[in-house]
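# Chain and residue survey
The lines below spell out each chain.
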Amino acid sequence: MTTSTRGTKVPAVLVLEDGRIFRGRAYGAVGETFGEAVFSTGMTGYQETLTDPSYHRQVVVMTAPHVGNTGINDEDPESGRIWVSGYVVRDPARVPSNWRSRRTLDDELAAQGVVGISGVDTRALTRHLRERGAMRVGIFSGEAVADDAALLAKVQAAPQMKGADLAAEVATKEPYVVPAIGEKKFTVAAVDLGIKGMTPHRMAERGIEVHVLPATATAEDVYAVNPDGVFFSNGPGDPATADGPVSVMQAVLARRTPLFGICFGNQILGRALGFGTYKLKYGHRGINQPVQDRTTGKVEVTAHNHGFAVDAPLDTVSDTPYGRAEVSHVCLNDNVVEGLQLLDQPAFSVQYHPEAAAGPHDAAYLFDRFVSLMEAERA
């Protein structure tokens, strides 16, 4: 690995598993990397995207043509490191311009060993992924560049995202506590499947003391903190592999404890209720996805990062082992299930990211809805 590619023209090659090849210049670290090629439609917020654990083992293609304009600061990371396995941009900023910037995006990628490529026609690449679907990809630069056929063979030998059990790889290994801001009103046990830092902060702002637990936490671990509510976070991988978290959630549902899940947590709730999950063709990623809250009729602009979805009926109430359930939110682009709620006990989830890091604040009310469930249960 080199320390940085800024100011250089090291050749780089992006190879998709179906044989499509894009050529450009190295960006960030030099070497080789593999992952699932996905695209993000956000015009800003790249630092939060890079540090979102949900992007573990994914190569992110930025649809916005100019990336790196605001550099990297020390306030916006959502975790302690960059999680994307590779990064693809069209026109990287030569000089960042922001009063909080401490270093360039190029230098940060290189420092953390993240192999990227620039100078790629990301419009053509995105259109290809929309037509063919998310697929395995490799980025090769410097001495890693070789014969195209040899590089393609490497990509096709890389592991697929379907069937990948990744939550424990990104979650905390030890429990920790995020204290309530101001007066403590509630205690929440948060199962970390790849949680972003802003999520417990949003709960802390509402007087919640958050006990963040590892992805391997048991029901006994959850109830050892005497929670008023239980939260299941976002995270990477295939929800079909998450048997442990599903069994924990079923124990929570059996005890009728107020429950809130987001993203991966929504898929876990779906499985806990008896619904299936499936892989989307190219997923939802970015901070501009339209979702309708069917409980109010309101349309929200929301932040997404998911490649799997819950297979639940959109227009009927379903009977489950834990009472009646219905789809509460739906994506207006493709009718994908974006939220679930139980009608006979205090449990709900959404498929997107209401913590707004990065993204709009349209969905912040969901944390208030969680608080209302805990207030009602206490009353």
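Scoring rules and cut-offs
- What you see as residue numbers is a count from 1 along each chain, following the sequence as written.
- This being a predicted model, a pLDDT of at least 70 is required before a residue's local features are given, and a value of 80 or more before pairs of side-chain atoms are given or counted; all residues contribute to the totals for chains, interfaces and linings.
- The side-chain numbers reported here are obtained from all heavy atoms of the structure, hydrogens and water having been left aside.
- UniProt positions are given in the numbering used here, feature names are shortened, and annotations may be inferred rather than shown by experiment.
- An automatic or database domain assignment is the source of the domain bounds shown.
- The criterion used for residue contact is that any of the two residues' heavy atoms lie within 4.5 Å.
- Once two parts are joined, some of their accessible surface, as seen by a 1.4 Å probe, is lost; buried area is that loss totalled over both.
- Salt bridge criterion: a side-chain nitrogen from Lys or Arg within 4 Å of a carboxyl oxygen from Asp or Glu.
- Polar contact is the term for a pair of N or O atoms within 3.5 Å; when the atoms are in protein, one must be able to donate a hydrogen and the other to accept it, and sequence-neighboring residues count only if both atoms are side-chain atoms.
- Here a helix means four or more residues in a row that DSSP labels H or I, a strand means two or more in a row labelled E, and each is numbered from the N terminus.
- Any residue outside Ala, Val, Leu, Ile, Met, Phe, Trp, Tyr, Cys, Pro, Asp, Glu, Lys and Arg is labelled polar, Gly included; the first ten of those are nonpolar and the last four are charged.
- Two rings from Phe, Tyr or Trp (for Trp, the six-membered ring) form a pair when their centres sit within 6.5 Å of each other. Planes less than 30 degrees apart are called stacked, planes more than 60 degrees apart edge-to-face, and all others tilted.
- Only protein chains enter the area calculation, which uses a 1.4 Å probe; residues under 20% of their type maximum are buried, those over 50% are exposed, and those in between are partly exposed.
- Any Lys NZ or Arg CZ that is within 6 Å of a ring centre and within 35 degrees of that ring's normal is treated as a charge sitting over the ring.
- Without a salt bridge and with relative accessible area above 30%, a residue can belong to a patch; like charges are then joined within 9 Å and nonpolar side chains (Val, Leu, Ile, Met, Phe, Trp, Tyr) within 5 Å.
- Exposure was quantified through the Shrake-Rupley algorithm and a 1.4 Å probe, taking into account, for residues, occlusion by the shown protein chains and nothing else.
- Neither His nor the chain termini are counted; the positive set is Lys and Arg, and the negative set is Asp and Glu.
- Where a charge sits is defined by one atom per residue type, namely NZ (Lys), CZ (Arg), CG (Asp) or CD (Glu).
- Note on pairing: two strands pair once DSSP finds at least 2 bridges between them.
- All axes here are fitted lines through C-alpha atoms, helices being fitted over the stretch that makes contact, and every angle between N-to-C directions spans 0 to 180 degrees.
- An angle counts as roughly parallel when it lies under 35 degrees, as roughly antiparallel when it exceeds 145, as roughly perpendicular when it falls between 65 and 115, and as oblique in every other case.
- Put simply, a crossing is left-handed when the front helix is turned counterclockwise from the back one by less than a right angle, and right-handed when it is turned clockwise.
- Among buried residues, the Ala, Val, Leu, Ile, Met, Phe, Trp, Tyr and Cys ones that are joined through side-chain atoms within 4.5 Å form a nonpolar core.

Under an unreviewed UniProt entry, the name given to the protein is Carbamoyl phosphate synthase small chain, and the source organism is Streptomyces lavendulocolor. As stated in UniProt under Subunit (unreviewed entry), the record for the protein gives "Composed of two chains; the small (or glutamine) chain promotes the hydrolysis of glutamine to ammonia, which is used by the large (or ammonia) chain to synthesize carbamoyl phosphate. Tetramer of heterodimers (alpha,beta)4."

### Observations regarding the domain arrangement of the protein
Per the domain assignment, the segments of the protein are domain 1 (11-157) and domain 2 (167-378). Between the C-alpha centres of domain 1 and domain 2 the distance comes to 28 Å. Counting residues at the interface gives 23 residues for domain 1 and 23 residues for domain 2. Overall, the association of domain 1 and domain 2 removes approximately 1,900 Å² of surface from exposure, summing both partners, and the carbon and sulfur fraction of that is 49%. Applying the counting criterion to the domain 1 and domain 2 interface returns one salt bridge. In this structure, glutamate 36 engages lysine 279 in a salt bridge whose closest nitrogen and oxygen atoms are separated by 2.6 Å. Where domain 1 touches domain 2, the interface holds 13 residue pairs in polar contact (both at pLDDT 80 or more). For the side of domain 1 that touches domain 2, the secondary structure elements donating two or more residues are β3 (32-40) and α3 (122-132). Looking at side-chain class alone, the side of domain 1 that touches domain 2 contains seven nonpolar, nine polar and seven charged residues.

### Structural notes on the packing of aromatic side chains
Taken as a whole and judged by the stated rule, the model has six aromatic pairs. For the ring pair phenylalanine 260 and phenylalanine 348, a centre distance of 4.5 Å and an interplane angle of 15° mean the geometry is stacked. With phenylalanine 260 in strand β14 (residues 259-262) and phenylalanine 348 in strand β20 (residues 347-350), the pair connects residues that are 88 residues apart, well separated along the chain. Note on accessibility: phenylalanine 260 and phenylalanine 348 belong to one class, buried. Seen in terms of ring centroids, phenylalanine 260 and phenylalanine 367 are 5.8 Å apart; in terms of plane orientation they differ by 80°. Their pairing is edge-to-face. In this pair, phenylalanine 260 is assigned in strand β14 and phenylalanine 367 in helix α10 (residues 365-378), connecting sequence segments 107 residues apart. The class for phenylalanine 367 is buried, based on a relative accessible area of 1%. Of note, arginine 81 hangs over the ring of tryptophan 83, and the distance from its end group to the ring centre comes to 3.8 Å. The ring of phenylalanine 348 has arginine 369 lying over it, and the distance from NZ or CZ to the ring centre is 6.0 Å.

### Things to note about the UniProt feature "domain: Carbamoyl-phosphate synthase small subunit N-terminal" (unreviewed entry) in the protein
Following the UniProt record, one finds the feature "domain: Carbamoyl-phosphate synthase small subunit N-terminal" (unreviewed entry) at residues 10-140. In this annotation, residues 10-140 is assigned 18% helix and 34% strand; the end-to-end C-alpha distance for the span is 10 Å.

### Overview of the UniProt feature "active site" (unreviewed entry) in the protein
Cross-referencing UniProt, the feature "active site" (unreviewed entry) maps to Cys263, His353 and Glu355 in the present numbering. Spanning 93 residues, the named residues form one tight spatial group whose C-alpha atoms are at most 11.4 Å apart. Positionally, histidine 353 belongs in the loop between β20 and α10. Assessed through its relative accessible area of 3%, histidine 353 is described here as buried. Apart from residues lying up to four places away in sequence, histidine 353 is in contact with Asp52, Ser54, Lys196, Asn234, Cys263, Ala303, His304 and Asn305. Relative to the helices and strands, glutamate 355 resides in the loop between β20 and α10. You can call glutamate 355 buried: its relative accessible area is 0%. Sequence-distant contacts of glutamate 355, defined by excluding residues within four places in its chain, comprise Lys196, Met198, Thr199, Arg202, Ile262 and Phe367.

### Considering a positive patch on the surface
Taken together, the side chains of Arg123, Arg127, Arg130 and Lys281 make up a positively charged region of the molecular surface. Top contributing element to the positive patch by residue count: α3, with three residues. Relative to the helices and strands, lysine 281 resides in strand β15 (residues 276-293).

### Quick word on the sheet that holds strand β1 (residues 11-16)
The strands making up a sheet associate through backbone hydrogen bonding, with each pair oriented either parallel or antiparallel. Pairing in this closed barrel of seven strands is mixed, and the strands run β1-β2-β8-β6-β4-β3-β9 around the ring. Adjacent strand axes in the sheet meet at a mean angle of 35°, parallel and antiparallel pairs treated alike. Both strand β6 (residues 86-88) and strand β8 (residues 115-118) contribute to a ladder of three bridges, which runs parallel. Paired with glycine 86 across the bridge in β8 is valine 115.

### Some thoughts on the packing of helix α8 (residues 243-255) against helix α9 (residues 264-273)
Contact geometry of α8 with α9 gives a least axis separation of 9 Å together with a crossing angle of 70°. The orientation of α8 with respect to α9, classified from their angle, is roughly perpendicular. Where α8 crosses over α9, the handedness of that crossing is right-handed. From α8, Asp243, Pro245, Val246, Met249, Gln250 and Leu253 reach across to α9, where they touch Gly265, Ile268, Leu269, Arg271, Ala272 and Leu273. By residue class, the composition of the contact of α8 with α9 is eight nonpolar, two polar and two charged.

### Description of the nonpolar core
Leu193, Val222, Phe232, Met249, Leu253 and Leu273 are the most contacted members of the largest nonpolar core, which has 34 residues in total. Those elements giving two or more residues to this core turn out to be β11 (186-191), α7 (219-223), β13 (229-232), α8, α9, β18 (323-331) and β19 (337-342). Core analysis: the next-biggest nonpolar cluster, separate from the first, contains 23 residues, Phe186, Ala190, Val210 and Phe231 among them.

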